[in-house]
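In case you want the letters, here they are:
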Amino acid sequence: MNNNENSNMIKIEGRNPVMEALKAGRQLDKIFIKKGEISGSATKIVAMARDRKIPVSYVEKSKLDLLSETSSHQGIIAFAPAKDYVSVEEILNVAKEKGTNNFIIIADEIADPHNLGAILRTANSAGADGVIISKHRSVGLTSVAAKTSAGAIEYTPVAKATNIAQTIEKLKKNNIWVIGADMDGENTIYNQDFSGNVAIVIGSEGYGISKIVKEKCDFLVKIPMLGQVTSLNASVAGALMIYEVVRNRITK
């Protein structure tokens, strides 16, 4: 696999992410495994790869270190075609297929792949229909995002929107309330109703939700900050909002 081929591939690093990719039936072009004793989950990965006729190469740790983007490959890196994004319509259809209210997460210009991966992990744990990310000024589904998601990237649909503001208008036409996290919010996350068809908006690191997106939101809600630090990590703020949706649905 040469450098030109690598440029079109996503690296899936670590035992659990590679195992989840195999379980999900994702197409993998090749798997690199550190030379030496193969045990535990690595043995299962090799067996699953052989069953699906995926080439496995045993390489020195130094090569894996050179290829790694996460610095925590655990002796295994798989190469896969970059994950396909779904359409916003496909995410809208998830609730119809499940017979539930819409539950969508919008990540507005999230630039850190660790934050995007963490948001995907929380979204999956909370049973969200999918995540919409910005096409511009936003990180995509990189190997770091995949690693941080702990396998959630394989199960949670992600759509890329050219214009988040226009996408919000589309969601509104589908009777979805759009709720953004912002310190200017009139309500806190604890007294906002999240129980219907909802899309929650998580702003970027440092800048929050962009002005035009903020104006499109139906509601802005704030997270109480009682200490000296006045902001939260984007994925942490997102997790608090996401699980308020879960709490509202369980209690109501």
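In case you missed it, the structure is sitting above this.
Report on the accompanying structure. (Residues numbered from 1 in each chain as written. Predicted model: local features only at pLDDT ≥ 70, side-chain atom pairs only at ≥ 80, totals over all residues. Heavy atoms only, no water.)

Details of the side chain of Asp108
Rules: Note on conventions: DSSP H or I runs of at least 4 residues are helices, E runs of at least 2 residues are strands, and numbering of each starts at the N terminus. Think of it in three bands: with a 1.4 Å probe and only protein chains considered, a residue is buried below 20% of the maximum accessible area for its type, exposed above 50%, and partly exposed in between. Working convention for charge: Lys and Arg count positive, Asp and Glu count negative, and His plus the chain ends are omitted. Any carboxyl oxygen of Asp or Glu that lies within 4 Å of a side-chain nitrogen of Lys or Arg is treated as forming a salt bridge with it. Pairs of N or O atoms within 3.5 Å make up the polar contacts considered here, provided that, within protein, one atom can donate a hydrogen while the other can accept it, and that residues adjacent in sequence are counted only when both atoms are side-chain atoms. Whether two residues are in contact is decided by their heavy atoms: any pair within 4.5 Å suffices.
If you trace the backbone, Asp108 turns up in the loop between β5 (103-107) and α6 (113-125). The side chain of Asp108 is buried and forms no salt bridge, while Arg137, the nearest opposite charge, is found at 7.0 Å. At a separation of 2.9 Å, a polar atom in the side chain of Asp108 contacts the main-chain amide nitrogen of Ser210. If we ignore the near neighbours within four places in the chain, the residues touching Asp108 are Ser134, Ile164, Val201, Ile202, Gly203, Ser204, Gly208, Ile209, Ser210 and Val213.

Looking at the pattern of salt bridges
One pass over the structure, following the stated rule, counts 12 salt bridges. Taking the shortest distance from any N to any O, the salt bridge between Lys35 and Glu60 comes out at 3.6 Å. Taken together, the positions of Lys35 in the loop between β2 (30-34) and α3 (41-51) and Glu60 in the loop between β3 (56-59) and α4 (61-67) put the pair 25 residues apart, joining distant regions of the chain. Under the relative-accessibility criterion, Lys35 is labelled partly exposed at 45%.

Quick look at the packing of aromatic side chains
Here is the rule: Pairing of aromatic side chains requires ring centres within 6.5 Å, counting the rings of Phe and Tyr and the six-membered ring of Trp. Pairs whose planes differ by under 30 degrees are stacked, by over 60 edge-to-face, and all others tilted.
Under the counting rule described, the total for this entry stands at two aromatic pairs. Centre to centre, the rings of Phe32 and Phe79 are 5.6 Å apart; their planes meet at 85 degrees, and the pair counts as edge-to-face. Of this pair, Phe32 sits in strand β2 while Phe79 sits in strand β4 (residues 76-81), and the two are 47 residues apart along the sequence. Just as Phe32 is buried, Phe79 falls in that class too. Centre to centre, the rings of Trp177 and Phe219 are 5.6 Å apart; their planes meet at 40 degrees, and the pair counts as tilted. Taken together, the positions of Trp177 in strand β8 (residues 177-181) and Phe219 in strand β11 (residues 219-222) put the pair 42 residues apart, joining distant regions of the chain. Residue Trp177 is classed as partly exposed on the basis of its relative accessible area of 47%.

Structural notes on the nonpolar core
As a reminder of what qualifies: We define a nonpolar core as any set of buried Ala, Val, Leu, Ile, Met, Phe, Trp, Tyr and Cys residues linked to one another through side-chain atoms lying within 4.5 Å.
Counting 33 residues, the largest nonpolar core has Phe103, Ile105, Leu116 and Met241 as its most contacted members. Secondary-structure elements contributing two or more residues to this core are β5, α6, β6 (130-134), α7 (143-148), β8, β10 (198-202) and α10 (234-251). If you tally residues by element for this core, the top one is α10, at six residues. Setting aside residues up to four positions removed in sequence, Ile105 forms contacts with Ile119, Ala123, Ala128, Gly130, Val131, Ile132, Ile200, Ile202 and Ile242.

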